Amino acid sequence: MPTELWPSLLEPGLHGADDLCAVSADGVRIRFLDGRELLCGVSGLWNANLGYGNEAIAQACADALRDASYLSVFRYENVHARRAARALVEAAGAEHYGKVVFSTSGGAANDLVMKLARHYHALRGDTTRKLVVGLRDSYHGLTFGGFALTGEQLGQSVYGVDQRLVRHVTPNVGEEIDRLAAQQGDRIAAMVVEPVLGSGAVPLTPEYVRTLLELRDRHGFLLVADEVATGFGRTGDFFASQRWPAPPDLLITSKGLTNGTQAAAAVLMPRALAEPFETAGDVFVHGETQAGTPVTCAAIIATLEEMRRLDAVASARRLSALLDTALEQLVATEPLVSATTGLGCFRSIRLRTPEGDPLPQHEVPQVVAAIRGAGAVVHPSVNGVQILPALTYTDDELTELLDHIRRGVRAHAQGRTAADRETEAV
């Protein structure tokens, strides 16, 4: 029976379903209202990188709520935000980054970045630099700015999202961005890219990254790494862009930033990007009530400390190597699995029908449900499912996850075959 709650991105017919209503979570398991306990294969919404119920992070949040229940960074500063900003700069690399702007979500942070890039260029006299370039099939959130930048088609036209100052190019196709930059390079304020596209877990190739860096240097736009999903060890480095030949101008982090405990995001940049604002005495017009609060910043600092204590980046690399082997074996031994994409602990599993065709996209939710029935929570992806295990997974938990996936995929195929037989009989 439907409840008063209107959940996000869930079809109306599934509202009120007890098997989709979570009750609690601990470690890498989620308990649901129907009584089942399932293995989480996606780290919450890709954000609980250290698993659920981390005591140190919980205690830090509790202490901050008691000591300074609410302090803002809206026309004021607070010491908690100063400490968190310093800790983030040290984690990302103080040799490049020097300033942090806090936000409350990945989408809002993308809005912030689009505004900041345009304002930065305007202060430097480049008032025609208004275009922001993204990648097709990318995901940058569902706020109006982030939704405009998102390259995945999710109904932008229905909602009247203004994309007149946004351009999209195909990822990993250097010729397209080369052509766009040659034609409109002096109008581009920024290019925003996910090091691994969230839709389909498609990594940017080293060649493509080099092309972006060269075009940035040649044409003068800002290059932004949207590391909302790839940050905090997810790909085997603290930030995925740390493997680039040169760093981005701006870095967005969110999901793993507080291990999923707070609505938080942050934008990191070199001090040089703040200089035009300081020289002109100009105020950057952006602010969010819950950005940079004591509880949020306590969670950020505690998460950074727990990442170090647990050696989470090394754990991610170990788990990534196990995934390489396990997923290769899955492709080799499971006829319905056609390929895998991604890197680190950020993977997708591409599926096909018994006839050998790519799994139709409209069947993906049924596969997700079948895997849930087998015992694990996964997310839909392009022609298949995505898995993003917590960096704290054990070998046994990874084996269990892949077993649930295998059984769920087979169950879906069997149900599909049975349905086809019924149709033929009629």
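Above: the structure in question.
One structure accompanies this document, and this report is about it.

Rules and cut-offs
Residues numbered from 1 in each chain as written. Predicted model: local features only at pLDDT ≥ 70, side-chain atom pairs only at ≥ 80, totals over all residues. Heavy atoms only, no water. Helix = DSSP H or I, 4+ residues; strand = E, 2+ residues; numbered from the N terminus. Rg over C-alpha atoms; globule rule 2.2 N^0.38 Å. Buried < 20%, exposed > 50% of the residue type's maximum accessible area, 1.4 Å probe, protein only. Contact = heavy atoms within 4.5 Å. Areas by Shrake-Rupley, 256 points an atom, 1.4 Å probe, with all protein chains shown as cover. Lys, Arg positive; Asp, Glu negative; His and termini not counted. Charge placed at Lys NZ, Arg CZ, Asp CG, Glu CD. Salt bridge = Lys/Arg side-chain N within 4 Å of Asp/Glu carboxyl O. Pairing = 2+ DSSP bridges. Axes fitted to C-alpha atoms, helices over the stretch in contact; angles between N-to-C directions. Parallel < 35°, antiparallel > 145°, perpendicular 65-115°, else oblique. Nonpolar A, V, L, I, M, F, W, Y, C, P; charged D, E, K, R; others polar. Phe/Tyr/Trp six-rings, centres within 6.5 Å; stacked < 30°, edge-to-face > 60°. Polar contact = N/O pair within 3.5 Å; in protein donor to acceptor, adjacent residues only side chain to side chain. Left-handed = near helix turned anticlockwise from the far one by under 90°. Disulfide = S-S within 2.5 Å.

Secondary structure summary: the protein contains 12 helices and 17 strands in total. In terms of C-alpha radius of gyration, the protein reaches 22 Å, essentially the compact-globule figure of 22 Å for 426 residues. Within the protein, buried positions represent 51% of all 426 residues. Here the contacts in the protein between residues at least 6 apart in sequence split such that 69% fall between residues at least 24 apart. Total accessible area on the protein is roughly 19,500 Å²; 52% of this is exposed by carbon and sulfur atoms. In the protein, the 39 positive side-chain charges and the 51 negative ones have mean positions that sit 4 Å from each other.

On to the pattern of salt bridges. Applying the stated criterion across every chain yields a total of 18 salt bridges. Among the ionic pairs, Arg31 bridges to Glu37, the shortest N-O distance being 2.7 Å. In this structure, Arg309 engages Glu306 in a salt bridge whose closest nitrogen and oxygen atoms are separated by 2.8 Å. Of the two residues, Arg309 and Glu306 both sit in helix H9 (residues 294–309), 3 residues apart, roughly one turn of that helix. Through salt bridges with shared partners, one network takes in Arg216, Asp217 and Asp249.

In this section: the sheet that holds strand E11 (residues 250–253). Overall, mixed pairing links the 7 strands, which are arranged E4-E12-E11-E10-E7-E5-E6 in an open sheet. Two strands bound the open sheet, and with one partner strand each, they are strand E4 (99–103) and strand E6 (166–169). Within this sheet the neighbouring strands show an average axis-to-axis angle of 20°, counted without direction. Pairing of E11 with strand E12 (residues 265–269), which is carried by 3 bridges, proceeds in the antiparallel orientation. By the bridge assignment, Thr253 is partnered in E12 with Ala266. Where helix H3 (residues 79–92) meets the sheet, its contacts fall on E4 and E12, and the angle it forms with E4 comes to roughly 120°.

Our next topic: the packing of helix H6 (residues 174–184) against helix H7 (residues 206–219). At a minimum axis separation of 10 Å, H6 and H7 run at an interaxial angle of 10°. The orientation of H6 relative to H7 falls into the category roughly parallel. Across from Gly174, Ile177, Asp178, Ala181 and Ala182 in H6, the residues of H7 making contact are Tyr208, Thr211, Leu212, Leu215 and His219. Among the residues forming the contact of H6 with H7, the class breakdown is 6 nonpolar, 3 polar and 1 charged.

This paragraph deals with the pairing of strand E13 (residues 337–343). In terms of strand pairing, E13 meets strand E14 (residues 346–351) through 6 bridges, oriented antiparallel. Its bridge partner lying in E14, Thr341 is registered against Ser348.

Enumeration over the complete set of coordinates arrives at 6 aromatic pairs. Each ring, one from Phe147 and one from Tyr159, has its centre 6.0 Å from the other, and the planes form 45°; the classification is tilted. Of this pair, Phe147 sits in helix H5 (residues 144–149) while Tyr159 sits in the loop between H5 and E6, and the two are 12 residues apart along the sequence. Here Phe277 and Phe284 contribute two aromatic rings whose centre-to-centre distance is 6.1 Å and whose plane-to-plane angle is 70°, an arrangement assigned as edge-to-face. Exposure remark for Phe277: the relative accessible area of 9% places this residue in the buried category. An aromatic cluster is built from Phe232, Phe238 and Phe239, whose rings are joined through pairwise contacts.

Checked against the element boundaries, Ser72 lands in the loop between helix H2 (55–67) and H3. Within the structure, Ser72 has its side chain in polar contact with the backbone nitrogen of Phe74 (distance 3.2 Å). Those residues in contact with Ser72 that lie beyond four places of it in its chain are Glu77 and Asn78.

Glancing now at unusual backbone geometry. Positive phi is not limited to glycine here, since Leu9 has a value of about 55°. Owing to a relative accessible area of 79%, Leu9 belongs among the exposed residues under this scheme. Not every positive phi belongs to a glycine, and Trp46 is a case in point at roughly 70°. Positionally, Trp46 belongs in helix H1 (residues 43–46).

Where H3 contacts H9, the axes come no closer than 9 Å and their chain directions differ by 30°. Judged by the inter-axis angle, H3 sits roughly parallel to H9. Like other packed secondary-structure pairs, H3 and H9 cross with a definite hand, here left-handed. Here His80, Ala81, Arg83, Ala84, Ala87, Leu88 and Ala91 of H3 lie close against H9, whose contacting residues are Pro294, Cys297, Ile300, Ile301 and Leu304. In terms of residue class, the contact of H3 with H9 is made up of 10 nonpolar, 1 polar and 1 charged.

Strand order across the open sheet formed by 4 strands is E13-E14-E17-E16, with antiparallel pairing between neighbours. Single-partner strands in this sheet number two, and they are E13 and strand E16 (379–381). Going from strand to strand, the sheet's axes swing by 30° on average, the running direction of each strand aside. In this structure, E14 lies alongside strand E17 (residues 384–387), joined through 4 bridges in antiparallel fashion.

Another aspect to go through is the state of the cysteines. Counted by the stated rule, this structure contains 0 disulfides. Take Cys40: it sits in no disulfide, and the sulfur closest to it among the cysteines is that of Cys345, at 13 Å. Cysteine Cys61 shares no disulfide, and the gap to the nearest cysteine sulfur, in Cys297, comes to 11 Å. By relative accessible area, Cys61 is classed as buried at 8%.

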